[in-house]
Amino acid sequence: MFVECNNENDITKVENYIGDNYHKCLYLYMDLKKYGTENENVKTFIQYNDNNEIVSVFLKYYTGLHVYSKNYDFDVTELSKYILDLKPTMICGEKKCLNLIENEFLKNNFFKEEGWVRKLSKNVDGDFANVENAKKEDFYSIAKLIYEDEDLGSSYKLDELESQLYERNKDG
């Protein structure tokens, strides 16, 4: 069973479920902390088992989806069908979790690309004196640059990416 998070109590349940494992679902965790239930383009869901225990959580950020399961004990078929109903353009998460849902439901609808998250080991000093914030009219060019990159742009539609970048910038 899935429940959309609609209040602070739901958000607290997700945070408690993630616990100290936030590094395993970094994007989900950061967006959850930043947006909670306040942004219509960011939705968080909890999957419960028959014993009313949380078995997975996932967050839809605009057109992307981040899935996390602490013990990988979720109902694969139920989650896969729900993901297809949400129609994300990309799904990210831990390899073990995503391998479980890579079945007939998702295999035919998404191409697989594996990657990794790296942690900065030291601060980088630099000269940022000439750096300036992007203006509204700059976001199309920025989006086009990302969109034209074979790896980065393959998960987006140009107009959606421009809108996301602009909204993210407004959100700080």
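The structure this text deals with has already been given above.
Throughout what follows, the structure given in this document is the object of discussion. (Residues numbered from 1 in each chain as written. Predicted model: local features only at pLDDT ≥ 70, side-chain atom pairs only at ≥ 80, totals over all residues. Heavy atoms only, no water.)

Focus on unusual backbone geometry
Now for step 1: Even without glycine at this site, asparagine 52 takes up a positive phi of about 65°.
Now for step 2: Non-glycine residue tyrosine 62 carries a positive phi angle of around 55°.
Now for step 3: In this structure, tyrosine 62 sits in the loop between strand S3 (54-61) and strand S4 (64-68).
Now for step 4: For tyrosine 62, a relative accessible area of 12% puts it in the buried group. (Helix = DSSP H or I, 4+ residues; strand = E, 2+ residues; numbered from the N terminus. Buried < 20%, exposed > 50% of the residue type's maximum accessible area, 1.4 Å probe, protein only.)

As for the nonpolar core
Now for step 1: Counting 18 residues, the largest nonpolar core has Val14, Leu28, Ile46, Val57 and Tyr68 as the members making the most contacts within it.
Now for step 2: In this view, valine 57 contacts Val14, Tyr17, Leu28, Phe45, Ile46, His66, Val67 and Tyr68; residues no more than four positions away in its chain are not counted. (Core = buried A, V, L, I, M, F, W, Y, C linked by side-chain atoms within 4.5 Å. Contact = heavy atoms within 4.5 Å.)

Description of the packing of aromatic side chains
Now for step 1: Applying the stated rule across the entire model yields 10 aromatic pairs.
Now for step 2: Between phenylalanine 45 and tyrosine 82, the ring centres sit 5.6 Å apart and the planes meet at 70°, which makes this aromatic pair edge-to-face. Of this pair, phenylalanine 45 sits in strand S2 (residues 42-48) while tyrosine 82 is found in helix H3 (residues 76-86), placing the two residues 37 residues apart along the sequence.
Now for step 3: In this structure phenylalanine 45 comes out as buried when scored by relative accessible area, which is 5%.
Now for step 4: For tyrosine 82, a relative accessible area of 26% translates into the label partly exposed. (Phe/Tyr/Trp six-rings, centres within 6.5 Å; stacked < 30°, edge-to-face > 60°.)

Honestly, it's all geometry; don't read function into it.
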